[in-house]
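# Fold and geometry: a report
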Amino acid sequence: MKFLDHFEERLSGIVGWLDSNRYINALKEGMFLAMPVMMIGSLFALLMNFPIPAFTQFVVSLFGDAWNSTILTGYFCTMGMVGLLFLIGISRSLAKAYEMNEVYTISAVLIAYVLIMPFNGDAISVIGCFGTSQILTVLIVSIIAVELLHFIEKRGWTIKLPKEVPAFVSKSFSALIPEFLLIFVFLMIRVIFGLTPYGYLDAFIIGVISAPLGKLATSVPGIILLIVISNVTYWFGISPGTIGSIFEPFLLANTAANNLAYLNGSTGTAILDSCFRDQITCIGGSGGTIGLVICMLIFARSKQNKAVGKMSAIPALFNVNEPVVFGAPVIFNIRLLVPFVLSPVVSIIIAYLSMMTGLVPVSNGIQLPFTIPIGLKAFFNYGWQGTLLQLGLVVVQVLIWMPFFKAYDKDLIKKEAAAVESNEEA
């Protein structure tokens with residue numbers, strides 16, 4: 001127990017540091033701002049390739065062939081602007097952390113970002129600049145730009161006007177020198193990278209930083225490492241969201257690539273994306289706890305497990321597992337730690353092999369709410385094969401949870417019997 005207490009203390013310190021880290025929080029705010037638009041964009045792709053042909057034929061009969069063009073416009077004006085929303089969220093979060101003017105900070109960072117992007121003639125490609133493939137570039141440039149602005153303002157390199165001048169005029173002039181220096185620095189960055197084989201800072205980031213990190217984050221060992229750390233963190237009662245947010249940009253990029261392929265009528269190639277993480281590693285919630293809930297409903301003999309199973313059944317169908325995690329409880333329960341970590345890892349391996357061999361198609365990248373019931377969401381992302389896979393994984397998870405659950409249930413039965421005897425003696 002001393003080891004666990006020490007480990008919990010160290011883990012809590014690390015997670016606490018990550019959770020309060022301004023850059024992690026900035027990334028989260030960018031994701032929260034972009035996620036609704038990504039879901040809407042994914043729905044446009046679903047409408048273009050709806051799995052029921054009769055629906056598509058009916059819609060085309062009403063609106064004509066222009067329907068497809070309209071849907072494409074909706075798709076590119078949503079998914080193509082995800083990077084911009086990340087930029088706004090990240091810049092705003094860092095500006096708040098440094099108590100800087102949020103509006104001026106966002107506008108300055110936007111200009112700095114555009115300055116390092118490729119030009120097409122005398123214009124930039126908005127879709128190319130702000131698509132999901134640019135998320136890491138957005139993150140790096142936004143952080144550098146805000147830090148530079150903060151460095152300049154902290155040293156007082158601003159124009160200060162008399163108090164009698166209206167506030168909006170004074171704010172404009174105070175932002176003049178920091179923004180000028182920021183634009184000048186990024187213009188020089190553009191010139192310097194123009195002399196290199198990369199041509200642009202964007203190409204350098206994608207080739208040297210993004211590609212290697214993306215391969216690690218979206219590899220089988222990488223996703224297993226992510227899930228193991230997240231679930232161990234959760235077992236200690238600490239939200240795993242902070243750990244997951246580190247890998248999220250790369251998973252989202254794969255999701256968007258699959259979605260674009262689906263929109264064009266083909267199949268994506270990125271097996272490990274955010275859809276895979278949601279529907280394979282978190283069936284019924286983190287740790288594959290749908291298996292534990294089913295064990296409670298079928299095999300429980302203790303009053304506590306019977307009650308928790310009934311209470312947790314409906315939420316688990318919608319991928320909400322707080323009732324069972326804190327009700328069983330799973331947290332701090334050494335008997336249930338192994339299946340809590342092992343269950344999603346086994347699911348990852350089975351699902352990956354199923355998709356790699358072609359038994360189950362790769363995700364179409366459609367972003368749907370996390371709480372859509374088990375089986376239904378898999379159908380929209382993977383077709384009927386995905387639904388069968390997910391249901392099969394539920395069976396596997398039940399088998400993994402069963403021996404650990406039965407041993408725990410026996411302990412509870414003994415404790416409940418002892419409690420009854422104690423009451424009778426009293």
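Residues numbered from 1 in each chain as written. Predicted model: local features only at pLDDT ≥ 70, side-chain atom pairs only at ≥ 80, totals over all residues. Heavy atoms only, no water.

### Some words on the overall build of the chain
A count of helices and strands for the chain gives 19 helices and two strands. Within the chain, buried positions represent 47% of all 426 residues. Counted over contacts in the chain with a minimum sequence separation of 6, partners at least 24 positions apart contribute 76%. Summing over all exposed atoms, the chain offers an accessible surface of approximately 20400 Å²; the carbon and sulfur share of this is 70%. (Helix = DSSP H or I, 4+ residues; strand = E, 2+ residues; numbered from the N terminus. Buried < 20%, exposed > 50% of the residue type's maximum accessible area, 1.4 Å probe, protein only. Contact = heavy atoms within 4.5 Å. Areas by Shrake-Rupley, 256 points an atom, 1.4 Å probe, with all protein chains shown as cover.)

### Here's the deal with the nonpolar core
Core analysis: the largest hydrophobic core is formed by 106 residues, its most contacted members being Phe86, Tyr113, Phe186, Phe276, Leu292, Val324 and Val330. Here this core gets 10 residues from one element, more than from any other, and that element is helix α19 (residues 376–425). In contact with Phe276, other than residues within four places in its own chain, are Ile271, Thr281, Ile348, Ala351, Tyr352, Met355 and Tyr382. (Core = buried A, V, L, I, M, F, W, Y, C linked by side-chain atoms within 4.5 Å.)

### Overview of the side chain of Thr218
On the secondary structure map, Thr218 appears in the loop between α11 (201–217) and α12 (220–235). Here Thr218 falls in the buried class, since its relative accessible area comes to 19%. Non-local contacts of Thr218, meaning those with residues more than four positions away in its chain, are made with Phe250, Leu251, Asn254 and Leu272.

### Topic: the packing of helix α5 (residues 82–97) against helix α6 (residues 102–115)
Put simply, α5 and α6 touch, their axes get as near as 9 Å, and they point 135° apart. Considering the angle they form, α5 stands oblique to α6. In the packing of α5 onto α6, the handedness of the crossing is right-handed. Of the residues in α6, those touching α5 at Leu84, Leu87, Ile88, Ser91, Arg92, Ala95 and Lys96 are Glu102, Thr105, Ile106, Val109, Leu110 and Tyr113. Among the residues forming the contact of α5 with α6, the class breakdown is eight nonpolar, two polar and three charged. (Axes fitted to C-alpha atoms, helices over the stretch in contact; angles between N-to-C directions. Parallel < 35°, antiparallel > 145°, perpendicular 65-115°, else oblique. Left-handed = near helix turned anticlockwise from the far one by under 90°. Nonpolar A, V, L, I, M, F, W, Y, C, P; charged D, E, K, R; others polar.)

### With respect to the packing of aromatic side chains
Going through the model one piece at a time under the given rule, you end up with nine aromatic pairs. Centre to centre, the rings of Phe151 and Trp157 are 5.9 Å apart; their planes meet at 85°, and the pair counts as edge-to-face. Of the residues examined, Phe151 reaches a relative accessible area of 37% and is grouped as partly exposed. Trp157 gets classed as partly exposed once you look at its relative accessible area, which sits at 42%. (Phe/Tyr/Trp six-rings, centres within 6.5 Å; stacked < 30°, edge-to-face > 60°.)

### Things to note about a positive patch on the surface
A contiguous patch of positive charge on the surface is contributed by Arg301, Lys303, Lys306, Lys310, Lys406, Lys410 and Lys414. At the level of secondary structure, the elements contributing two or more residues to the positive patch comprise α16 (303–317) and α19. Within the secondary structure layout, Lys306 lies in helix α16. Under the relative-accessibility criterion, Lys306 is labelled partly exposed at 40%. (Patch = residues over 30% accessible without salt bridge, like charges linked within 9 Å, V, L, I, M, F, W, Y side chains within 5 Å. Salt bridge = Lys/Arg side-chain N within 4 Å of Asp/Glu carboxyl O. Lys, Arg positive; Asp, Glu negative; His and termini not counted. Charge placed at Lys NZ, Arg CZ, Asp CG, Glu CD.)

### Examining the pattern of salt bridges
Enumeration over the complete set of coordinates arrives at six salt bridges. Close ionic contact of Asp411 with Arg335 constitutes a salt bridge, the shortest N to O distance being 2.4 Å. Of this pair, Asp411 sits in helix α19 while Arg335 sits in helix α18 (residues 334–356), placing them 76 residues apart in sequence. Overall, the relative accessible area of 22% leaves Asp411 in the partly exposed class. Residue class for Arg335 comes out partly exposed when judged on its relative accessible area of 35%.

### Thoughts on empty space enclosed by the protein
Per the stated rule, a full pass over the model turns up three cavities of 30 Å³ or more. Of the pockets and cavities examined, the largest cavity occupies roughly 60 Å³. Lining the largest cavity, in full, are Asp278, Gln279, Cys282, Ile283, Asn319, Phe370, Ile372, Pro373, Ile374, Gly375, Lys377 and Gln390. Those elements that provide at least two residues to the lining of the largest cavity are α14 (274–280) and α19. (1 Å grid on protein atoms, 1.4 Å probe; cavity = no way out; pocket = protein on both sides within 12 Å on 5 of 7 lines; lining within 4 Å. Points joined across faces, edges and corners; volume = space filled by probe spheres on them.)

### Remarks on the environment of Gly392
You can see Gly392 is positioned in helix α19. Residue classification places Gly392 among the partly exposed residues on the basis of a relative accessible area of 32%. Spatially, the C-alpha atoms of Gly392 and Ser347 are 9.6 Å apart, while their sequence positions differ by 45 residues.

### Observations regarding the side chain of Asn231
Relative to the assigned elements, Asn231 resides in helix α12. Owing to a relative accessible area of 3%, Asn231 belongs among the buried residues under this scheme. Among all residues touching Asn231, those that are not within four sequence positions of it are Ser286, Gly287, Phe340, Val341 and Pro344.

### Topic: the packing of helix α8 (residues 135–154) against α11
Packing of α8 against α11 leaves a shortest axis separation of 10 Å and a crossing angle of 110°. Taken together, α8 and α11 sit at an angle that is classed as roughly perpendicular. For the pair α8 and α11, the contacting residues are Leu136, Thr137, Ile140 and Val141 in the first and Leu201, Asp202, Ile205, Ile206, Ile209 and Ser210 in the second.

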